[in-house]
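Structural description and commentary
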Amino acid sequence: MIVEIGHYALILSLVLALVQSVVPVVGAARRDPRLMAVAGPTALFQFLFVGLAFAALTWAYVVSDFSVYNVVANSHSQKPLIFKISGVWGNHEGSMLLWVTILALFGALVALFSRNLPPTLRANVLAVQAWVGVAFLTFILLTSNPFERLDKPPFEGQDLNPILQDVGLAIHPPLLYLGYVGCSVAFAFAVAALIEGRIDAAWARWVRPWTLGAWIFLTLGIAMGSYWAYYELGWGGWWFWDPVENASLMPWLVATALLHSAIVMEKREALKVWTVLMAILAFALSLLGTFLVRSGVLTSVHAFATDPARGVFILGILTLFVGGSLALYAARASLLTQGGIFAPISREGALVLNNLFLTAACAAVLIGTLYPLLVEATTGGKISVGEPFFNLTFGPLVLPLLLLLPLGPFLAWKRGDVLAVAQRLWLAFALAIVAVAVAFYLKHGGPVLAPFGAGLAAWIMLGAIAEPMTRAKFGKEPLATSARRLFGLPRSTFGTALAHFGVGMMVLGIVSEGAWKVERILVMKPGETVELGGYGVTFEGTVPRKGPNYQDQVGKFVVSDGGTVVARLESAKRLFTARQMPTSEVALETRGLFSQIYIALGEAQDSGGWSVRMYWKPLVLLIWLGALVMSIGGFVSLSDRRLRVGAPKPARAAAALAAAE
Amino acid sequence: MSRLARLLAALVVLLGLAAPAFAVKPDEMLADPAMEARARAISTELRCLVCQNESIDDSNAPLARDLRLLVRERLTAGDSDRQVLDYLVDKYGEFVLLRPVFSLRNALLWLGPFLVLAIGGLVIVSKIRRRPAAPAAAAGGLTADEQRALDELMKNG
Amino acid sequence: MLVWFVFAVMTVIGVLAVLMPLARADRAAAGAQDVAVYRDQLGEIDRDRERGVIDEVEAVAARNEVARRLLKAARAEEVDAPAALGGPSRLARAVAVVCAVLMPAIAIGAYLGLGKPDAADQPLASRLAAASSEKQSIDQLVARVEKHLADRPEDGKGWEVLVPIYVRMGRLADAETALRNTIRLLGSTAERESALGEVIVYQNSGVVVADARAAFERANAQDPLAVAPRMFLALALSQDGKLAESRKAWVALIDASKPDDPWVVEARAELAKIDAVLAGGPAAVAPTSPAPPAAADKGPSAADIAAAQSMTEAERGRMIEDMIASLNARLKAQGGTVDEWIKLVRSYAMIGKRVEATTALQDARKAFAADAAAIEKLDGLAKALSL
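One numbering rule holds for all chains: residues counted from 1, following each sequence as written. Whichever chain is written first becomes A and whichever ligand is written first becomes 1, with later ones labelled in order. The predicted nature of this model means local features are confined to residues of pLDDT at least 70 and side-chain atom pairs, given and counted, to a pLDDT of 80 or more, with totals for whole chains, interfaces and linings taken over all residues. Hydrogens and water are ignored here; the side-chain numbers use all heavy atoms of the structure.

1. Overview of the overall build of chain B
The cut-off we apply is this: Helix numbering and strand numbering both begin at the N terminus, where a helix is a DSSP run of H or I of at least 4 residues and a strand a DSSP run of E of at least 2. Residue exposure (1.4 Å probe, protein chains only): buried if accessible area is under 20% of the type maximum, exposed if over 50%, otherwise partly exposed. Contacts were defined at the residue level, with two residues in contact if any of their heavy atoms lie within 4.5 Å. Accessible areas in this description were obtained via Shrake-Rupley with a 1.4 Å probe; residue shielding takes into account the shown protein chains only.
When helices and strands are counted, chain B shows 6 helices and 1 strand. In sequence order, the secondary structure elements of chain B are arranged as β-α-α-α-α-α-α. Here chain B holds 157 residues, and 46% of them are scored as buried. In chain B, the share of contacts with a sequence separation of at least 24, taken over all contacts with a separation of at least 6, comes to 51%. For chain B, the exposed surface amounts to about 7900 Å²; the carbon and sulfur share of it is 61%.

Structure representation (structure tokens):
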């Protein structure tokens, strides 16, 4: 009964979404408060019902109800509980259900936290949100229904691959979906504003918190995926320019541009064209990503095995929403008038440049990802576009942005003075040069450009800190005054500083790991020692060890610094007995806060030794810690009171009404 | 801390390949470090034909190993880097290159992003040019009426 | 029936979610939102000024801009004021009725099309614990044993029990795993090795692959008189092309058996097949041949072969070359399967035209660049022919 209740709940959710798609729009057009008021409760209950459906499916997985086909195909009674649960979204149908659940969640959140919006805008936003919901709920019910039942349920499920049961693998999709689907809110705002015919600074103020929220989740989701790949996949790679990875990077780049662009739009009511377009594109790229993963058009280890019919459906949805919104955008172009004035050299100007570079970088990723498909479709030829291409295009486009990053927050609004900015940043610049020199000294013999990369990272980090310090007039006033002033700064200043500092951390991690990592691939006999990044790694031989369902050959390694032992590591070759499937267990050891030693045991050689592969990766953890700091910065900004202003205080509103009566 | 190379094996399982070996095994490596470095560099430019989006330097597939050995063979035979790449393109087509060829056909690919940058830049510059030279009267002072209306509203706030 | 009651409750809740806002006299929100934002922006300019993020001249200009936006918003708000509170408009009433009717109709209609209201939940635990008085199905029993083995993977007897069941169910891969575990835990015996060999052979469409042969050899070593290993080993020999030795093995087996033993008929049939081949008939195609005959190939017909046998040496040579050339032309113009390409390369190699063979191989590689399996085959061919 529970399963069928879930099934019915899904259908009800669609029905509510249908109502939510139509009634509030009519209400907004006719300024009918009752019709508009339908939006909120329907959004809430749409979420409650789809959440109920998701819960029912989860229950079916947890109790291993094999009368549900989805459970049979993707679960197994012997999976540990947590992996039964994560198995719910480890397949196409279940993950689509998660997608629409998160979509409905955002709709409900907008319904709850949008008291400060004009009622017509609120109604339209929730309606557009519902349009997306209707499209995907219909897609699910017609082509990917997780609630299909079997008349003769088997006694066991089909999926017990111990290799795919990992906590990181479990958390990565929900986090990423929160980001992807979060972009739908900005999209809804954009389309709603275009429908209403009113796009102004206030709109930009209202859309910012939602964009920031989606951006934070996207950042975390992408970083988490990258980190998981690093410690699970071989050889410590952390970004592969895999088409599906690219599909998550593109919305992130556009969302970053949108965030910054919306600030200008709010302050100056300028850059309307760009901001609204970004809001549409971010979600469009999200939808494109969904299409690429599920249509079978791309082969990737990420891609769900699915049939072309579904791909065509999603392509239809994609065309409808993207084409429709862009057509609306073009039709309402006259609304996107020139707003406030600002000089080319100003904070606004810097943000325009920021937009430009981010857009071009996104174009690089988009073109690189889609080009092979294009070539195959038009000429039938097959080409590959891999890492070398992206390094040569994405890199040079992002580099100017990184160089100019510290300058932006220092420029004044409307008209900035570059000389004044330079004066304020001279210390950061000087220290960055020192960093370059130090890097050259420490790593002479390494790649020549790398110390400059380190200098760039230092420049960004120091520049980021310099801004709040300068605003608080450190050095110009007594310490106590400065400190007080510092804490009086708006939270968004700290948010900005943190986020930009995080970027610098990431750059340092990337440069350091890329340029200064040490790799050793060799055959080691027990007792041999090899030098690795200043440490000595001794191989002590292997011992067999038994696990619950596997057999290990565990290689023991001792890491020493100078004469002292600093770590004992184990890397194993593992054989799962029931499935006769061999795997490798890698040893990771963090040294000195951010760097890591990585050891992987290979195969036994006839000579009596073992092939071993090891890495010294300096400062590698900064890559993901940087992303984490960026997210924290975003979160701090989100908590700024200015983003919540405009909520009419109830008492005053009632008094005003009474006065008007 | 120990960790599983699970997805790697999953890749292997998904691709139906043999038991996971290692990319670049010690027995493949050349004795001469300079030549080995060239081999590694070239390997990162070549696609493993039986994998999804991996270079032969990273992949564990038997075919990748064969290609790695082939690259080293050609290098030892005296080919330049360019010649080794050409030899492999001859055998397998452009598909084996991870860096697309700089050809007319690929012009859109290589130039596209920079074109976007250029066009965007031009649009911005033209907007700046078209702007009135001085911040016009639009930002000028408010009229008396406007000022009065403003004061009313601010009071009611 | 309970489930329909639950559905009804859910539907009512859903409809109410729509009807309540329509019915309730909602307090019209005062449209002061824009104004509030701009008022705050004015304050923000002052704060920016204080922090030094904007200079005085620009701040004045900014304030004027914001003030104008504020005034515009205030004017718009007056115009746009939502309709006065009163009873629900006619439209609102109409919408309420339409929703109250259509929502349940659509929901139930869709569910009747998609759902299975009678399908009860079937959590695994309760199914396995089903009353033992009922005759439990094979599946249930197997599931029980598997669960037991998951907790105790070292229980050899458990694995052994499952083997014949798996075989009967057609789950050969599972049978192989179970057999290997049985051998590992309980020890190798002739029967077990022989069974292992057979299971592997069945998974490989009757071909005695290396693993199977090894198993049979182990079985034979432990019990030289066992029939099954001997039969399969003999079969393996003939599949490898070692016809003379295979013949010897079959003869030995037949001699060691009684005339009415059940396997003698088959043994004699195999022997007859081998004899036919040895007498010079058309080469029997071993099942392990990598190039299955391409049906679409315009190969020589029986008449052509007969004619060829009556030609002179030179004429035969030319005819073969013509056939190869026509295959080459066809493959270049229209393309073909990878097996056809392999046949072409082999043909060239056989007549000693190694340069043409290499060229053909390269063409094949280009044509199948994106096909992983094909590339592997081609590379295997290249190695075999030392191209």
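What follows continues from the structure just given.
2. Description of the interface of chain A and chain C
The following threshold applies: Two parts lose some accessible area (1.4 Å probe) when they are put together, and adding that loss for both gives the buried area. Every case where a carboxyl oxygen of Asp or Glu lies within 4 Å of a side-chain nitrogen of Lys or Arg is listed as a salt bridge. Whenever a nitrogen or oxygen atom comes within 3.5 Å of another N or O atom, the pair is scored as a polar contact, on the condition that within protein one atom can donate a hydrogen and the other can accept it, and that pairs from neighbouring residues in sequence are kept only if both atoms are in side chains.
Taken together, the contact pairs 80 residues of chain A with 81 residues of chain C. Of the roughly 7000 Å² buried between chain A and chain C on both sides combined, carbon and sulfur atoms contribute 62%. If you sort the residues of chain A by the area they bury against chain C, Tyr8, Arg34 and Phe155 of chain A come out on top, with a joint share of 14%. Asp151 of chain A is the salt-bridge partner of Lys116 of chain C, the closest N and O atoms lying 3.4 Å from each other. For the interface between chain A and chain C, the tally reads 24 residue pairs in polar contact (both at pLDDT 80 or more). Those elements that provide at least two residues to the side of chain A that touches chain C are helix 1 (2-29), helix 2 (33-37), helix 3 (39-62), helix 7 (119-143), helix 9 (201-232), helix 10 (243-268) and helix 20 (650-660) of chain A.

3. Regarding the domain arrangement of chain B
Our working definition: Each domain's extent was defined by an automatic or database domain assignment.
Here chain B is partitioned into domain 1 (19-96) and domain 2 (104-132). Summarising the inter-unit geometry, the C-alpha centres of domain 1 of chain B and domain 2 of chain B are found 38 Å apart.

4. Concerning the nonpolar core
Generally speaking, nonpolar side chains in soluble globular proteins are found buried as a group. Rule in force here: Side-chain atoms within 4.5 Å link the members of a nonpolar core, which is a set of buried Ala, Val, Leu, Ile, Met, Phe, Trp, Tyr and Cys residues.
Core analysis: the biggest nonpolar cluster contains 223 residues, and Leu10, Trp99, Phe136, Phe189, Trp203 and Val276 of chain A have the highest contact counts within it. Each residue touching Val276 of chain A, except ones within four places of it in the same chain, is listed here: Ala190, Leu194, Ile199, Trp203, Tyr329 and Leu336 of chain A. Grouped together as the second largest cluster of nonpolar side chains are 26 residues, Cys51, Val71 and Val89 of chain B together with Ile375 of chain C included.

5. Quick word on the packing of aromatic side chains
Worth spelling out the cut-off: By convention, a stacked pair of Phe, Tyr or Trp rings (six-membered ring in the case of Trp) has centres within 6.5 Å and planes under 30 degrees apart, an edge-to-face pair has planes over 60 apart, and any other such pair is tilted. In this scheme, Lys NZ or Arg CZ marks a charge over a ring once it lies within 6 Å of the ring centre and within 35 degrees of the ring normal.
On inspection of all chains with the given rule, the structure shows 26 aromatic pairs over all chains. Arranged with centres 6.0 Å apart and planes meeting at 90 degrees, the rings of Trp239 of chain A and Trp241 of chain A form a pair that is edge-to-face. Relative to Phe390 of chain A, the ring of Phe389 of chain A lies with its centre 5.2 Å away and its plane at 80 degrees, an arrangement referred to as edge-to-face. Owing to a relative accessible area of 1%, Phe390 of chain A belongs among the buried residues under this scheme. One aromatic cluster is present, built from ring pairs that chain together Trp239, Trp241, Phe389, Phe390 and Phe394 of chain A together with Phe102 and Trp110 of chain B. Here the guanidinium or amino end of Lys617 of chain A rests over the ring plane of Tyr615 of chain A, the centre of that ring lying 4.7 Å away. Over the aromatic face of Tyr87 of chain B sits the side chain of Arg74 of chain B, whose NZ or CZ is 4.1 Å from the ring centroid.

6. Topic: unusual backbone geometry
All names here are of chain A. Look at Trp241: it is not a glycine, yet its phi comes out positive at around 50 degrees. Take Trp241: it is sitting in the loop between helix 9 and helix 10. Trp241 gets classed as buried once you look at its relative accessible area, which sits at 9%. Despite not being glycine, Glu269 has its phi angle at roughly 50 degrees, a positive value. For Glu269, the position within the fold is in the loop between helix 10 and helix 11 (272-294).

7. Notes on the pattern of salt bridges
Side-chain pairs of opposite charge can arise whenever the charged atoms involved come near each other. Counting across every chain of the model gives 47 salt bridges over all chains. Across the salt bridge formed by Glu58 of chain C and Arg415 of chain A, the nearest N and O atoms sit 2.9 Å from each other. You can see Glu58 of chain C sitting in helix 3 (residues 56-79) and its partner Arg415 of chain A sitting in the loop between helix 14 (387-404) and helix 15 (418-442), one on each of two chains. Between Asp57 of chain B and Arg40 of chain B there is a salt bridge whose closest N-O contact spans 2.8 Å. Of this pair, Asp57 of chain B sits in the loop between helix 2 (33-43) and helix 3 (62-76) while Arg40 of chain B sits in helix 2, and the two are 17 residues apart along the sequence. The exposure class assigned to Asp57 of chain B is buried, which follows from its relative accessible area of 7%. Given a relative accessible area of 14%, Arg40 of chain B falls into the buried group. One network of salt bridges, in which partners are shared, links Arg205, Arg208, Glu266 and Lys267 of chain A together with Asp40, Glu44 and Asp48 of chain C.

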